[in-house]
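# Structural overview
Residue strings, one per chain:
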Amino acid sequence: MNQRKNKPVIGISIGDINGIGAEVTMKALLDNRIQKLVTPVIYAHGKAITFYRKQLEIDDFNFMQIRSVDEIHHKKINLINVVEDSPEVIPGVETQEAGKMALAALNHAIEDLKAGKIEALVTAPLNKNNINSGDLKFVGHTEYLTEAFETKESLMFLVAEDIRVGIVTGHIPLKDVVQNITPNNIKSKLNLMLKSLTDDFGITKPRIAVLGLNPHAGEDGLLGDEEINIIQPVIREFKDKGNLVFGPYPADGFFGMMHQKKFEGVLAMYHDQGLIPFKSIAFETGVNFTAGLPIIRTSPDHGTAYNIAGKNVADEGSMRAAILQAYDIIRNRGNWEDEEDN
């Protein structure tokens, strides 16, 4: 148990500086609740943040530039330059320089996570297009972090106050989904969800709903047999072990009737099946959490939103929720005790 008197340090990788990441980060960190609970360190470049401070007229946002987390000040918002020269900030425009800084920010934060210098990482949205190169195929934060921490499996877990949705298949083409709906993959994601709901969210006996793959969950084999041959046997196996796992449910009716409120977790078969209803229900407060990693990583559930970048209209609710969720998970994992808890 960490018994330091200072607050837990949460890193924020700035993502694409030409998107809304800087804006929502700055607005979220001005929330007094966050500054009382955690010490933030932004991985970016001071000049880029200063640009948005002026552009958005957020005059009360102040930060202290440090060279490393070793110099952190627990009563300030801290910032580390991850590149020598700040890229030109052009709100709403995709540039290679912004991609390089986004990747540099992420990599610097990963190194500090590995060294135990920060307790959690919140990743602001980035653009995969300007990060990808001949040497690097960047599919997404979830996959990149899973590989960086040499973890066999992770779970993309979208969480909000009254809905938590995980997905069996993530960032893959829709045409490849069916071949990846296997008993082993479903078992792996269910185990990760059960463990996360217990360890990260403090739920002792979580109830999980499993969605079907096909329309109407296959209609007893009329519209597909994956439910009968693959999904149902896995559910029975988990039930036989005493787990509260139910389904498979038709996705449309399940969310249409708000059945997610009856469960602590919902396992969807593919990306859009889970993320479309989640974002419809909790877009402004939703958090993307990567379950199954040895470290804690959360993110707002939106993208770079180039169309509104630099216009001072971005809603910081999801970024604020991501920071607060990271703090809650730190405590639920037993990695921290507040002074009043001692």
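Residues numbered from 1 in each chain as written. Predicted model: local features only at pLDDT ≥ 70, side-chain atom pairs only at ≥ 80, totals over all residues. Heavy atoms only, no water.

The name an unreviewed UniProt entry assigns to the protein is 4-hydroxythreonine-4-phosphate dehydrogenase, from the organism Belliella buryatensis.

Because each turn of an α-helix spans 3.6 residues, side chains separated by three or four positions end up pointing in the same direction. With 12 residues, helix α10 (residues 271-282) should cover 16 Å at 1.5 Å per step; its first-to-last C-alpha distance of 16 Å lies within 8% of that length. For α10, every residue scored as buried is listed here: Gln273, Gly274, Leu275, Pro277, Phe278 and Ala282. Of the surrounding secondary structure, the elements contacted by the buried residues of α10 are β6 (155-160), β7 (163-167), β8 (207-211), α9 (251-256), β10 (265-268) and β11 (287-291). (Helix = DSSP H or I, 4+ residues; strand = E, 2+ residues; numbered from the N terminus. Expected span 1.5 Å × (residues − 1). Buried < 20%, exposed > 50% of the residue type's maximum accessible area, 1.4 Å probe, protein only. Contact = heavy atoms within 4.5 Å.)

A few words on the nonpolar core. Counting 95 residues, the largest nonpolar core has Ile10, Ile17, Tyr43, Phe157, Ile186, Leu190 and Ile323 as its most contacted members. Here this core gets 10 residues from one element, more than from any other, and that element is helix α4 (residues 96-114). Here this core spans two domains, since at least three of its residues come from each of domain 1 (1-151 + 293-341) and domain 2 (155-291). Here isoleucine 186 is in contact with Val168, Ile181, Ile230, Ile231, Val234, Leu267 and Met269, once residues within four sequence places are set aside. (Core = buried A, V, L, I, M, F, W, Y, C linked by side-chain atoms within 4.5 Å. Domains from an automatic or database assignment.)

What follows covers the packing of aromatic side chains. Evaluated as defined, the whole model comprises 10 aromatic pairs. Aromatic pair phenylalanine 61 and phenylalanine 63: ring centres 6.3 Å apart, planes at 45°, arrangement tilted. The class for phenylalanine 61 is buried, based on a relative accessible area of 0%. Using a relative accessible area of 23% as the deciding quantity, one classes phenylalanine 63 as partly exposed. Ring geometry for phenylalanine 254 and phenylalanine 263: centres 5.9 Å apart, planes at 35°, overall tilted. The pair formed by phenylalanine 254 and phenylalanine 263 is uniform in burial state, with each residue classed as buried. In this structure an aromatic cluster arises from ring pairing among Phe246, Tyr249, Phe254, Phe255 and Phe263. Over the ring of phenylalanine 149 we find lysine 114, and its NZ or CZ is 5.7 Å from the ring centre. The ring of phenylalanine 238 has lysine 241 sitting right over it, with the charged end atom 6.0 Å from the ring centre. (Phe/Tyr/Trp six-rings, centres within 6.5 Å; stacked < 30°, edge-to-face > 60°. Lys NZ or Arg CZ within 6 Å of the ring centre and 35° of its normal.)

It is worth spelling out the sheet that holds strand β4 (residues 78-81) at this point. Paired through backbone hydrogen bonds, the strands of a sheet run either parallel or antiparallel to each other. One open sheet accounts for 12 strands, arranged β3-β4-β2-β1-β5-β12-β11-β6-β7-β10-β8-β9; its pairing is mixed. Looking at strand neighbours, the two that pair on one side only are β3 (64-66) and β9 (244-249), the edges of this open sheet. Averaged over all neighbouring strand pairs, the angle between strand axes comes to 25°, with direction disregarded. Seen against the sheet, helix α7 (residues 183-199) touches β6, β7, β8, β9, β10 and β11 and runs at an angle of roughly 160° to β10. The strands touched by helix α8 (residues 226-240) are β8 and β9; relative to β9, the strand with the most contacts, the crossing angle is about 165°. (Pairing = 2+ DSSP bridges. Axes fitted to C-alpha atoms, helices over the stretch in contact; angles between N-to-C directions.)

This brings us to the environment of asparagine 191. For asparagine 191, the position within the fold is in helix α7. When its relative accessible area of 44% is taken as the criterion, asparagine 191 is described as partly exposed. Spatially, the C-alpha atoms of asparagine 191 and isoleucine 231 are 14 Å apart, while their sequence positions differ by 40 residues.

In this model, α7 (17 residues) spans 24 Å end to end at C-alpha, consistent with the 24 Å of a helix rising 1.5 Å per residue. Inspection of α7 places Ile186, Ser188, Lys189, Leu190, Leu192, Met193, Leu194, Ser196 and Leu197 among the buried residues, and these make up the whole buried set.

Inspection of the secondary structure puts glutamate 337 in the segment after α11 (317-332). Judged by its relative accessible area of 22%, glutamate 337 is partly exposed. For the pair glutamate 337 and proline 8, spaced 329 residues apart in sequence, the C-alpha separation works out to 9.3 Å.

Negative phi characterises most residues that are not glycine, and trans characterises most peptide bonds. Omega for the peptide link from glycine 247 to proline 248 comes to 0°, which places this bond in the cis form. Mapped onto the fold, proline 248 is located in strand β9. The phi torsion at glutamate 57 lies on the positive side, around 55°, for a residue other than glycine. Taking the relative accessible area as the measure of exposure, glutamate 57 reaches 64% and is therefore exposed.

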